[in-house]
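Listed below are the residues making up each chain.
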Amino acid sequence: MATQAWKDHAYPLQLVTIELQGTRHSDKAAILAQLQEVVERIQQGDSKGESSDDDFGYRFALSSPAESVFDAPASNK
């Protein structure tokens, strides 16, 4: 649980939601190419978007303010 001091420092949080979908034949390079396209769109100023051909594609959205997606304080790998 975030302390009030941390909330005062960090909030409002920003959340980026990215959903990528591939077929069972999609390799890591194809999935990473989709992720790179999302990165480029965000860098260009898009705050949401999607691209798909039914079974392969992505959608993303930036939102703020957002609540933390983490249940516990900071963790290490």
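Everything below is about the structure shown above.
Keep in mind it's a predicted model, so treat the numbers as computed, not measured.

With that settled, consider the overall build of the protein. Along its length, the protein carries two helices and three strands. Counted from the first residue to the last, the protein has its helices and strands arranged as α-β-α-β-β. Compactness check: the protein gives a C-alpha radius of gyration of 16 Å against a globular reference of 11 Å for 77 residues, more than 25% above the reference. With the C-alpha coordinates of the protein rotated into their principal frame, the extents come out at 45 × 30 × 20 Å. Every one of the 77 residues in the protein was classed for burial, and the buried ones make up 10%. For the protein, the accessible surface area stands at approximately 6500 Å², while carbon and sulfur atoms represent 51% of it. Mean positive and mean negative side-chain charge positions of the protein (7 and 12 charges, respectively) differ by 4 Å.

Glancing now at the environment of Ala72. Its place among the elements puts Ala72 in the segment after strand S3 (57–66). A relative accessible area of 52% means that Ala72 is categorised as exposed. For the pair Ala72 and Leu15, spaced 57 residues apart in sequence, the C-alpha separation works out to 17 Å.

Rules used throughout
- Residues numbered from 1 in each chain as written.
- Predicted model: local features only at pLDDT ≥ 70, side-chain atom pairs only at ≥ 80, totals over all residues.
- Heavy atoms only, no water.
- Helix = DSSP H or I, 4+ residues; strand = E, 2+ residues; numbered from the N terminus.
- Rg over C-alpha atoms; globule rule 2.2 N^0.38 Å.
- Buried < 20%, exposed > 50% of the residue type's maximum accessible area, 1.4 Å probe, protein only.
- Areas by Shrake-Rupley, 256 points an atom, 1.4 Å probe, with all protein chains shown as cover.
- Lys, Arg positive; Asp, Glu negative; His and termini not counted.
- Charge placed at Lys NZ, Arg CZ, Asp CG, Glu CD.

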